[in-house]
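Chain residues, written in single-letter form:
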Amino acid sequence: MKNHLIAAAQRFFGQLLWHVLVSTLRGSLIFGGCMLLVSSTGTWKYLSSSFFAHDLQRVVAWEPADRAQPRVVVVAINDAAYDGYFGGRSPLDRRRLLELLKALDVSAADATGIVVDLDLAPLPGQEQKELLDFFAKKPGRWVLAEPVLRPTDDTPTRALWRDRVCRTGIRMGLPYLPTEFGYASGSHQYRGSLTDVALDPGFHCTRLKDTVQNAMLADGSMGLTRYSAPMSGAYIKQGWVVPFDGNLEPLKQTVAALQPQWVVLGGMWGTGDVLNSPLGERYGVQLHAAALDGQLQGEFQVAYIYQIMAAWLTLTVISLLLAFVHRALHAVVFPWLDTYPGHRFLMNNVWPVLFTVLVFLCLMGVSEILAVVHARWHGWVPTATIAGSVLGYLMFVWNWGLKAINSPGTIGTTLLHSTMIPLRADWSSAKSAFKLVFFDQVAAPRSNGKKASAPVMSRTRAAAECMLSVLSLLLQTVLPAASLYFALSKTL
């Protein structure tokens, strides 16, 4: 039994090293080039976005439902409050708004802070001194929305208001949410966003100004920087929303009873601020709250090195499984291929479809396992990273199941045949060709590290062989290793 376990472990890690060394560090240039080309297309970006949405949906399905104490509560100004309490006018009546803000300040006295996802900048001729004085009493408690990005959209009144807000120490953040193919991103936020500012007590208004200026592109458009900040899927699905219909007393009682860490005040009237999400349409204020809640509960994307390791492990397991299935099918079908067209049809036409289905089923199984891990420990390994590797193998290495899956054997055998012999062959050939060109020394040619019979090369051919061997060494070993390093070290 022990010997069988050791043999199985040797086989597993041998297969793992095969994918790491052969397919990554000495991978085919055609494979690498095709993968690079595919990853840059809009089709793959759409698929990647779809995988992210699928991940979020599955995490919600596995996430524990026990959330008695809310971290974040949305106070939503609904249609009734907008029409009745605020008179159906925008910008909102500042006197009425001040009453609402005071009610929240009292009822959420123990909260860390209150995020206001509303445009509070005054109209020309309005100073809003009372509102500013109210915020100035507890400047570190408030995070206000700053919707102006481009200097051309700014006004002297807004600029003066912003300067006064900054001088009092009140923080301001951008109320924008990154989107991908019509959906709000569940994995990233903008630098300087409401969530980013809320969780950074030292984020002064001057930093927001620098963030906006650095994001200004030459054509006048904005290129805001994204950073990894996964939303809480459970909050998107069913977050804590307290509707404000114009009655302050019930609102105060409800907020006081919930005792949240953060309150996010925003509008949920009309349809102007409705965005699509993987879990349905949501108002912007709900998604800001979901992003804040996700960071408070410790949601994070694991580093790229662990994502790549997960992809290698997945490829190892899938390849071992499919190699077993392929060998079984080959034993049953192959002896009759040359004689019976039905068997050829099965192997050449039906099997690639079945192979593809098996690969996708394995991929969905891995996605489900990752969703369970994410739901329990909040560490997100995106399925898209693994799917890119698996689908790349499906198309360019396994050829939809028509090519036999390599199964090299033990760790030592894999290291020898996938790394040492090819490296030694490249170096030996380059060295021998170099000696022939410059020193007129003829060495016995080698093939895979062994002496082989071949015609003696001319100096011209030796020079070409030297350059090609060095190129092989660089492109199949040095460059892939360097590319892997930079890929692993890039920011999420």
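See above for the structure.
Bear in mind that the values here come from a model prediction, so they are computed numbers and not experimental data.

The next subject is the packing of aromatic side chains. How two aromatic rings sit relative to each other is given by the distance of their centres and the angle of their planes. In the structure shown here, the tally under the stated rule is 11 aromatic pairs. Aromatic side chains phenylalanine 52 and tryptophan 380 sit 5.4 Å apart centroid to centroid with 80° between the ring planes, which places their arrangement in the edge-to-face category. Of this pair, phenylalanine 52 sits in helix α3 (residues 42–62) while tryptophan 380 sits in strand β14 (residues 379–380), and the two are 328 residues apart along the sequence. Note on accessibility: phenylalanine 52 and tryptophan 380 belong to one class, buried. Aromatic side chains tyrosine 85 and phenylalanine 86 sit 4.9 Å apart centroid to centroid with 85° between the ring planes, which places their arrangement in the edge-to-face category. Pair check on accessibility: tyrosine 85 and phenylalanine 86 agree, each one buried. Grouping aromatic residues by their ring pairs yields a cluster made of Trp351, Phe355, Tyr393 and Trp398. Looking at arginine 96, its charged tip hangs above the ring of tyrosine 85, at a distance of 4.6 Å from the centre. Here the guanidinium or amino end of arginine 191 rests over the ring plane of tyrosine 227, the centre of that ring lying 4.1 Å away.

Attention now goes to the environment of leucine 132. The residue leucine 132 is located in helix α6 (residues 129–137) in this model. Expressed as a C-alpha distance, the spacing of leucine 132 and arginine 164, which sit 32 residues apart in the sequence, is 8.1 Å.

Turning next to the pattern of salt bridges. Side chains that differ in sign of charge can pair as their charged atoms come close. Tallied over the full model, the rule gives 12 salt bridges. A salt bridge links arginine 58 to glutamate 368, with the nearest nitrogen and oxygen atoms 2.6 Å apart. Pair noted here: arginine 58 is in helix α3 and glutamate 368 is in helix α14 (residues 341–377), with a separation of 310 residues, a long-range link. Looking at glutamate 368, the relative accessible area reads 22%, which means it is partly exposed. Across the salt bridge formed by glutamate 99 and arginine 95, the nearest N and O atoms sit 3.6 Å from each other. Of this pair, glutamate 99 and arginine 95 both sit in helix α5 (residues 94–107), 4 residues apart, which is roughly one turn of that helix. For arginine 95, a relative accessible area of 53% gives the class exposed.

Next up on the list: the packing of α5 against helix α11 (residues 248–258). At a minimum axis separation of 9 Å, α5 and α11 run at an interaxial angle of 30°. With respect to their mutual orientation, α5 and α11 come out roughly parallel. Between α5 and α11 the crossing geometry is right-handed. On α11, the residues that touch Glu99, Leu100, Ala103, Leu104 and Ser107 of α5 are Leu248, Leu251, Lys252, Val255 and Ala256.

Right, let's get into unusual backbone geometry. Leave glycine aside and you will find that most residues have negative phi; peptide bonds, for their part, are mostly trans. Here the amide bond leading from serine 90 into proline 91 is cis, since omega sits at 5°, within 30 degrees of zero. Note that proline 91 resides in the loop between α4 (79–85) and α5. The backbone of histidine 378 sits at a positive phi, close to 65°, despite the residue not being glycine. The backbone of asparagine 399 sits at a positive phi, close to 55°, despite the residue not being glycine.

A contiguous nonpolar patch, built from Tyr46, Leu47 and Phe181 and spanning about 300 Å² of accessible area, is present on the exposed surface. Residue position: tyrosine 46 is located in helix α3.

It is worth spelling out α3 at this point. The end-to-end C-alpha separation of α3 is 31 Å, in line with the 30 Å expected for 21 residues at 1.5 Å each. Among the residues of α3, those classed as buried are Trp44, Ser48, Ser49, Phe51, Phe52, Ala53, Asp55, Leu56, Val59 and Val60.

About the criteria used
Residues numbered from 1 in each chain as written. Predicted model: local features only at pLDDT ≥ 70, side-chain atom pairs only at ≥ 80, totals over all residues. Heavy atoms only, no water. Phe/Tyr/Trp six-rings, centres within 6.5 Å; stacked < 30°, edge-to-face > 60°. Helix = DSSP H or I, 4+ residues; strand = E, 2+ residues; numbered from the N terminus. Buried < 20%, exposed > 50% of the residue type's maximum accessible area, 1.4 Å probe, protein only. Lys NZ or Arg CZ within 6 Å of the ring centre and 35° of its normal. Salt bridge = Lys/Arg side-chain N within 4 Å of Asp/Glu carboxyl O. Axes fitted to C-alpha atoms, helices over the stretch in contact; angles between N-to-C directions. Parallel < 35°, antiparallel > 145°, perpendicular 65-115°, else oblique. Left-handed = near helix turned anticlockwise from the far one by under 90°. Contact = heavy atoms within 4.5 Å. Patch = residues over 30% accessible without salt bridge, like charges linked within 9 Å, V, L, I, M, F, W, Y side chains within 5 Å. Areas by Shrake-Rupley, 256 points an atom, 1.4 Å probe, with all protein chains shown as cover. Expected span 1.5 Å × (residues − 1).

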